[in-house]
Each structure stands twice: as structure tokens, then as C-alpha cells.
Amino acid sequence: MQDTTITIEVAYGTPQKQALLEFEVAQGVTVEQAILSSGILSQFPEIKLSTSKVGIWNRTCKTSDVPKDGDRIEIYRPLIADPKEVRRRRAEKAKEEGRANKVTGGRA
């Protein structure tokens with residue numbers, strides 16, 4: 001007879017507090033159902049499952065995906081700053097300060 005439950009983890013963290021919950025769920029539940037049944041939303045009320053990105057083992061996935069036994073579901077926080085924009089500003093500042101070539105952007 002096959003086992004009808006699987007063991008998974010749900011992870012979420014802020015700079016102040018982190019949670020990694022391990023528990024059993026019925027085989028075939030979706031990522032969303034697993035997150036809801038974990039109880040993590042009561043610990044972190046700021047999580048908006050409708051807009052938060054989620055993933056399994058550092059790979060983004062849909063909330064409708066089905067996790068396998070031993071998977072870790074991660075809930076991601078939104079980025080504070082766009083990495084491309086930050087790099088562009090840093091490059092502009094280097095050009096203005098003379099640390100970078102104004103034409104090529106390379107070293108002066």
C-alpha cells in the first residue's frame with residue numbers, strides 16, 4: 001500500500017524573524033494548499049499569497065504546482081530596489097566622479 005502523505009517544509013523570513021515549518025500533507029496538494037495548511041500566514045500576516053512569488057528549492061513555481069516528498073516551499077518577499085536600476089545609478093556616479101570612462105564605461 002502506498003503512503004498517502006508527504007513531508008514538506010514551508011519557509012519564509014524577514015530580517016527580524018524567520019520560520020521553517022516541517023509537516024505532513026496529503027499527497028497531491030498544491031503549493032497554495034500546503035502554505036495555507038502550514039499556518040505560516042498567521043505568523044506573518046504581511047504575506048499576501050495572491051501577490052507573493054513562491055518557489056520550490058530556489059526555483060520559482062506556480063501556486064497550483066504540486067510539491068513532492070521532501071520539497072521546501074519558499075515564499076519570497078518583494079525586492080526593495082530593482083538591481084538593474086541600482087547598477088545603472090552606480091555606473092553613472094562612477095562616470096561623474098571620473099572613476100569610469102565617460103564613453104565606454106570602463107576604467108578611466
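As a reminder, the structure under discussion sits directly above these lines.
Residues numbered from 1 in each chain as written. Predicted model: local features only at pLDDT ≥ 70, side-chain atom pairs only at ≥ 80, totals over all residues. Heavy atoms only, no water.

## A look at the pattern of salt bridges
Part 1 of the argument: Enumeration over the complete set of coordinates arrives at five salt bridges.
Part 2 of the argument: Across the pair Arg89 and Glu85 runs a salt bridge, and its minimum N-O distance is 3.3 Å. Taken together, the residues Arg89 and Glu85, both in helix α3 (residues 83-96) and four residues apart, mark about one turn of the helix.
Part 3 of the argument: Across the pair Arg99 and Glu97 runs a salt bridge, and its minimum N-O distance is 2.7 Å.
Part 4 of the argument: Overall, Glu97 belongs to the partly exposed group, its relative accessible area being 46%.
Part 5 of the argument: Through salt bridges with shared partners, a single ionic network connects Glu85, Arg88 and Arg89. (Salt bridge = Lys/Arg side-chain N within 4 Å of Asp/Glu carboxyl O. Helix = DSSP H or I, 4+ residues; strand = E, 2+ residues; numbered from the N terminus. Buried < 20%, exposed > 50% of the residue type's maximum accessible area, 1.4 Å probe, protein only.)

## Focus on the side chain of Glu74
Part 1 of the argument: Within the secondary structure, Glu74 is located in strand β5 (residues 72-76).
Part 2 of the argument: Polar side-chain contacts of Glu74 include one of 2.8 Å to the backbone nitrogen of Asn58.
Part 3 of the argument: Beyond its immediate stretch of four places on either side in the chain, Glu74 contacts Ala11, Lys53, Val54, Gly55, Trp57 and Asn58. (Polar contact = N/O pair within 3.5 Å; in protein donor to acceptor, adjacent residues only side chain to side chain. Contact = heavy atoms within 4.5 Å.)

## Points about the sheet that holds strand β2 (residues 18-26)
Part 1 of the argument: Taken in spatial order, the five strands make up an open sheet running β2-β1-β5-β3-β4, and their pairing is mixed. Both outer strands of the open sheet, β2 and β4 (59-61), are each paired with one neighbouring strand and no more. Pairs of neighbouring strands in the sheet enclose a mean axial angle of 35°, with direction left out of account.
Part 2 of the argument: Lying on the sheet, helix α1 (residues 31-38) is in contact with β1 (5-13), β2, β3 (53-56), β4 and β5; it crosses β2 at an angle near 115°. (Pairing = 2+ DSSP bridges. Axes fitted to C-alpha atoms, helices over the stretch in contact; angles between N-to-C directions.)

## Structural notes on the environment of Gln43
Part 1 of the argument: Note on placement: Gln43 falls in helix α2 (residues 40-43).
Part 2 of the argument: Classification of Gln43 by relative accessible area gives partly exposed; the value is 32%.
Part 3 of the argument: A C-alpha to C-alpha distance of 9.9 Å links Gln43 and Tyr12, two positions 31 residues apart in sequence.
Part 4 of the argument: Apart from residues lying up to four places away in sequence, Gln43 is in contact with Lys17, Ala19 and Leu21.

## What about the pairing of β1?
Part 1 of the argument: The sheet contact formed by β1 and β2 spans nine bridges and is antiparallel. Bridge pairing in β2 links Ile8 to Phe23.
Part 2 of the argument: Here β1 hands over to β2 after four residues, the two strands then running antiparallel side by side.
Part 3 of the argument: As paired strands, β1 and β5 are joined by three bridges and run parallel to one another. Directly across from Val10, in β5, lies its bridge partner Ile73.

## Considering the side chain of Glu9
Part 1 of the argument: Topologically, Glu9 is positioned in strand β1.
Part 2 of the argument: Although Glu9 is buried, it forms no salt bridge, and the closest oppositely charged side chain is Arg72 at an N-O distance of 4.8 Å.
Part 3 of the argument: Setting aside residues no more than four positions away along its own chain, Glu9 makes contact with Leu20, Leu21, Glu22, Asp71, Arg72 and Ile73. (Lys, Arg positive; Asp, Glu negative; His and termini not counted.)

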